[in-house]
Amino acid sequence: MYALADCNNFYASCERVFEPRLEGRPVIVLSNNDGCVVARSQEAKDLGIAMGEPVFKCRSIIEKNHVVVRSSNYTLYDDMSRRVVQSITTFIPDIEIYSIDEVFLDLQPLINRDLMAICHRTRQSVLDWTGIPISIGLGSTKTLAKLANRIAKKRAGTNGVYRLPDEARARDRDLASTDIEDVWGIGRRWGRRFRQIGVATALDLARMPAMEVRRQFNVIAMRTALELRGEPCQDIQEVAVQRRTMVRSRSFGRMVTTWEELSEAIATHASRAAEKLRAEDSVAGQISVFLHTNRFREDMPQYHRSGIRELLPATNVTPMILDAARSIGRSIFREGFHYKKAGVMLGDITHGGGQGGLFDQRNHGRDERLMKTLDRINDRMGPGTLHAAATGLRRREWHMKRENRSPRYTTCWDDIPRTR
């Protein structure tokens, strides 16, 4: 038996935790540079604001209905996600973090207890302790748990927790009421293909011969069909899969034309990537840098370029990664273009450190002590307290726009809420 705990309208709910006046009001959260809608409260959904819609297209709805607009505040969302997970594991310790707002739960160790009571208590405790409302769906496979979670969110009378019935006929009614596009892992593109062959609901897919699904689609779709029948094809992954690549990039708040500003952006992304590597006890053996102009601006000349280099030996030391990133960036930079975005990608990532080369003359002990000191100070005093001069010594005009960002209530001393 599995369950899926999913935070309701997570980003919008995080904004409401520290601003109770937003309860009942339509709230939207925007993407980087305040460009598109990436999260909506239920009230905003009811107004017809679509996910991914450019904000300028729904400006009239925003103004007419006094919609609250917030810039993305990922520092706050990450920390609130961590708090939600901690609260859940108080009651259900075996989990798999699927995304920032979704957690799969392994209920098998609790199978002889009242699972619905445990899930209701978990849901209420998360709300009491963090202020974040969640929904929990229970099923005999992860796909069925995902489907049950959808019902828990949408069906009146569930109180945020729903378990797919064990009785086949009742379970089939739930599958029949779920459109094929709403099945986990199917989506719109596959949904259109399934409808062309007469598969319109989750029940239709569950009844389709498994090998026929594999023949017309692939093994992933076949496993989804089997899971809809109640045959588990994927278990809880208690240990996260180690990543092989890492990308750090952002669109600029305004067009960048000079190497000085572009160099600062590349250096910032490289530094952040190196910090992330050390936090995960990993090293990278390859680095690439990319930059491009705004492909949607037909009135401007276009330029897209990337470069790549091996890191020998593999490393997570900021100065080494920084030097390589800036060198690649300088080699592909061209004057006369208006750049919209730049980024750094690390590849050949291995966990647990790397092995030095035969002719490597670096003092690895010194580098390790230096990076530990850097990270310890930034952890204690705040991100960026110590940083490479190459990332800039003044306010970064190229930084992405966040004109409506809320305070980082839980991670920044200066933003701690004050009461009167």
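Since the model is a prediction, treat every value here as computed from it, not as a measurement.

Novice: Mind showing me how you'd approach the overall build of the chain here?
Specialist: For the chain, the count of helices and strands is 14 helices and 13 strands. Expected size for 420 residues packed as a compact globule is a radius of gyration near 22 Å; at 24 Å, the chain falls within 12% of this value. For the chain, the spread of C-alpha atoms along the three principal axes comes to 65 × 60 × 50 Å. Buried positions account for 46% of the 420 residues belonging to the chain. Considering only contacts within the chain whose residues lie at least 6 apart along the sequence, 67% involve residues at least 24 apart. Carbon and sulfur atoms make up 49% of the accessible area of the chain, which totals about 22400 Å². Seen as two clouds, the 66 positive and the 52 negative side-chain charges of the chain have centres 3 Å apart.

Novice: Would you explain the packing of aromatic side chains in this entry?
Specialist: A ring pair, where both rings are aromatic, is described by two values, the distance of the centres and the angle of the planes. Overall, the coordinates contain 16 aromatic pairs when judged by the stated rule. A ring pair is formed by Tyr11 and Tyr74, whose centres lie 5.9 Å apart and whose planes are at 75°; its orientation type is edge-to-face. Within this pair, whereas Tyr11 is found in helix H1 (residues 10-17), its partner Tyr74 is found in helix H4 (residues 74-89), the two being separated by 63 residues in sequence. For Tyr11, a relative accessible area of 17% gives the class buried. An aromatic cluster is defined as three or more aromatic residues linked by ring pairs; in this entry it consists of Trp259, Tyr303, Phe333, Phe337 and Tyr339. The ring centre of Phe104 lies 4.7 Å from the NZ or CZ of Lys142, which sits over that ring. Seen from the ring of Tyr162, Arg155 lies directly overhead, with NZ or CZ sitting 5.2 Å from the centre.

Novice: Help me out: how do you make sense of the pairing of strand S12 (residues 339-347) in this one?
Specialist: Each regular strand displays side chains that alternate between the two surfaces of the sheet. Here seven bridges tie strand S9 (residues 246-256) to S12, and the two strands are oriented antiparallel to one another. Note that in S12 the partner of Arg250 across the bridge is Ala342. With eight bridges joining them, strand S10 (residues 282-293) and S12 adopt antiparallel strand pairing. Among the inter-strand pairings, Val289 is bridged to a residue of S12, identified as Val344.

Novice: I would appreciate a short explanation of the pattern of salt bridges in the present structure.
Specialist: Opposite charge on two side chains allows them to pair when their charged atoms are near. Per the stated rule, a full pass over the model turns up 21 salt bridges. Salt-bridge contacts for Arg366 lead to Asp367; the nearest nitrogen and oxygen are separated by 3.9 Å. Accessibility expressed as a relative area gives 10% for Asp367, which makes it buried. Of the charged contacts in the structure, one is a salt bridge between Glu368 and Lys372, with a shortest N-O distance of 3.3 Å. Of this pair, Glu368 and Lys372 are both found in helix H14 (residues 364-381), four residues apart, which corresponds to roughly one turn of the helix. In this structure, a network of salt bridges that share partners links the residues Glu15, Glu19, Arg21 and Arg70.

Novice: Help me out: how do you make sense of empty space enclosed by the protein in this one?
Specialist: Rolled over the atoms, a probe with the dimensions of a water molecule shows which regions are left empty. Counted by the stated rule, this structure contains one cavity of 30 Å³ or more. Taken as a whole, the largest cavity holds about 50 Å³ of empty space. Lining the largest cavity are Ala5, Asp6, Cys7, Ser81, Val84, Val85, Ile88, Ile100, Asp101, Glu102, Val103 and Ile134. Of all the secondary structure elements, the ones that give two or more residues to the lining of the largest cavity are strand S1 (2-7), H4 and strand S6 (102-106). Looking at the lining of the largest cavity element by element, the count peaks at four residues for H4. Tallied by class, residues from the lining of the largest cavity come to eight nonpolar, one polar and three charged.

Novice: Explain the side chain of Asp174 to me, please; I cannot follow it from the model alone.
Specialist: On the secondary structure map, Asp174 appears in helix H7 (residues 168-176). Looking at Asp174, its side chain comes within polar contact range of the side chain of Arg155, at 3.1 Å. The residues contacting Asp174, other than those within four sequence positions of it, are Leu147, Ile151, Arg155, Tyr162, Leu164 and Pro165.

About the cut-offs
Residues numbered from 1 in each chain as written. Predicted model: local features only at pLDDT ≥ 70, side-chain atom pairs only at ≥ 80, totals over all residues. Heavy atoms only, no water. Helix = DSSP H or I, 4+ residues; strand = E, 2+ residues; numbered from the N terminus. Rg over C-alpha atoms; globule rule 2.2 N^0.38 Å. Buried < 20%, exposed > 50% of the residue type's maximum accessible area, 1.4 Å probe, protein only. Contact = heavy atoms within 4.5 Å. Areas by Shrake-Rupley, 256 points an atom, 1.4 Å probe, with all protein chains shown as cover. Lys, Arg positive; Asp, Glu negative; His and termini not counted. Charge placed at Lys NZ, Arg CZ, Asp CG, Glu CD. Phe/Tyr/Trp six-rings, centres within 6.5 Å; stacked < 30°, edge-to-face > 60°. Lys NZ or Arg CZ within 6 Å of the ring centre and 35° of its normal. Pairing = 2+ DSSP bridges. Salt bridge = Lys/Arg side-chain N within 4 Å of Asp/Glu carboxyl O. 1 Å grid on protein atoms, 1.4 Å probe; cavity = no way out; pocket = protein on both sides within 12 Å on 5 of 7 lines; lining within 4 Å. Points joined across faces, edges and corners; volume = space filled by probe spheres on them. Nonpolar A, V, L, I, M, F, W, Y, C, P; charged D, E, K, R; others polar. Polar contact = N/O pair within 3.5 Å; in protein donor to acceptor, adjacent residues only side chain to side chain.

So yeah, pure geometry; function would need other evidence.
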